[in-house]
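# Results of the structural survey
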Amino acid sequence: MKSTKLFFLLTLVTILTACSKTNTSLEQPQKQAQQNQQKESQEANAAILAMRDDLKQLKREVAAIRQAVTDIHKIAMDTPEPVAKPLPAQLALDLDGNDPLLGSEDAGIAIVEFSDFQCPYCKRFADQTFPAIKKNYIKTGKVRYIARDFPLDFHPEAKGAAVAANCALAQGAYWQMRDSLFDNIRELSPQRYRELASELKLDLEQFKLCSSDKRHAEEVTEDLGLAASLGISGTPSFFIGRIEGDKLVNGRLIVGAQGYQTFSTVIDAIIATP
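Residues numbered from 1 in each chain as written. Predicted model: local features only at pLDDT ≥ 70, side-chain atom pairs only at ≥ 80, totals over all residues. Heavy atoms only, no water.

## Re the overall build of the protein
The number of helices and strands found in the protein is eight helices and seven strands. A buried classification covers 33% of the 274 residues belonging to the protein. Pairs at least 24 residues apart make up 76% of the contacts formed inside the protein by residues separated by at least 6 positions. Counting only carbon and sulfur atoms, one obtains 56% of the accessible surface of the protein, whose full area is about 17300 Å². (Helix = DSSP H or I, 4+ residues; strand = E, 2+ residues; numbered from the N terminus. Buried < 20%, exposed > 50% of the residue type's maximum accessible area, 1.4 Å probe, protein only. Contact = heavy atoms within 4.5 Å. Areas by Shrake-Rupley, 256 points an atom, 1.4 Å probe, with all protein chains shown as cover.)

## What to know about the packing of aromatic side chains
Enumeration over the complete set of coordinates arrives at 11 aromatic pairs. On the numbers, 4.9 Å between centres and 65° between planes, the contact of Phe130 with Tyr145 is edge-to-face. In this pair, Phe130 sits in helix 2 (residues 120-138) while Tyr145 sits in strand 5 (residues 143-149), placing the two residues 15 residues apart along the sequence. For Tyr145, a relative accessible area of 0% puts it in the buried group. Ring centres of Tyr137 and Tyr260 lie 6.3 Å apart, and the angle between their planes is 35°; this geometry places the pair in the tilted category. Of this pair, Tyr137 sits in helix 2 while Tyr260 is found in helix 8 (residues 260-272), placing the two residues 123 residues apart along the sequence. Here Tyr137 falls in the buried class, since its relative accessible area comes to 4%. In textbook terms, an aromatic cluster arises when at least three aromatic residues are bridged by ring pairs, as seen for Phe125, Phe130, Tyr145, Tyr174, Trp175, Phe238 and Phe263. The positively charged end of Arg178 is found above the aromatic ring belonging to Phe130, 4.9 Å away from the centroid. (Phe/Tyr/Trp six-rings, centres within 6.5 Å; stacked < 30°, edge-to-face > 60°. Lys NZ or Arg CZ within 6 Å of the ring centre and 35° of its normal.)

So far we have only geometry, and geometry alone does not tell us how the molecule works.
Given below as structure tokens:
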């Protein structure tokens with residue numbers, strides 16, 4: 001009888017234990033699922049909050065950009081067109097061909113440019129503004145354009161490039177060399193000058209002798225002295241005025257790589273003046 005009761009008790013304990021283990025095994029996946037859902041919910045909320053923060057930051061940046069555009073527009077509208085300064089004195093012109101020049105002998109107006117072949121602003125003018133001046137004023141016979149040298153002392157190749165251009169002038173190819181020098185503004189060197197002379201089909205022996213002739217370096221130095229006497233301190237700088245004999249009178253000074261409109265305004269005003 002006792003053994004029967006003992007067996008019954010053991011069976012009951014076994015069943016209860018089994019049930020307990022089963023319940024535990026069922027509860028664990030449910031708990032894990034709840035934890036996963038809670039974690040996913042937290043991550044989703046965090047992502048939403050992050051998106052909201054990003055959206056707020058984007059709105060602030062857009063507002064800042066709009067304000068910047070407004071400010072730039074206001075500055076552009078409020079900034080007056082650059083005014084050409086009057087010259088303090090008459091400027092003697094070299095019209096006999098010793099300096100590079102373009103335009104008709106009958107032109108009544110001259111532009112005298114002081115430039116530096118290693119100056120990026122001079123290149124900008126040559127690339128962006130000069131073609132329109134050439135088309136509308138030089139080729140139409142209204143303006144004679146004279147090039148002078150003003151190599152800045154902190155541009156180590158500027159003077160050598162000026163000599164190279166003047167040696168090309170001796171063979172009738174100044175303006176082609178001018179374009180080539182500006183196109184190679186970052187590669188200027190004596191070797192490059194010879195290569196450009198070869199590309200332009202110049203007499204290389206003559207070009208070599210010219211480049212080593214100190215007289216051409218002295219001519220560049222003379223231009224520097226003239227520029228200094230006129231108060232020029234930067235490049236490019238331009239004198240624009242009426243031609244009377246071998247002088248430029250009633251001139252105006254324009255400094256920097258100004259746009260075409262600045263030049264046309266000055267030229268048209270001089271043309272309109274009796």
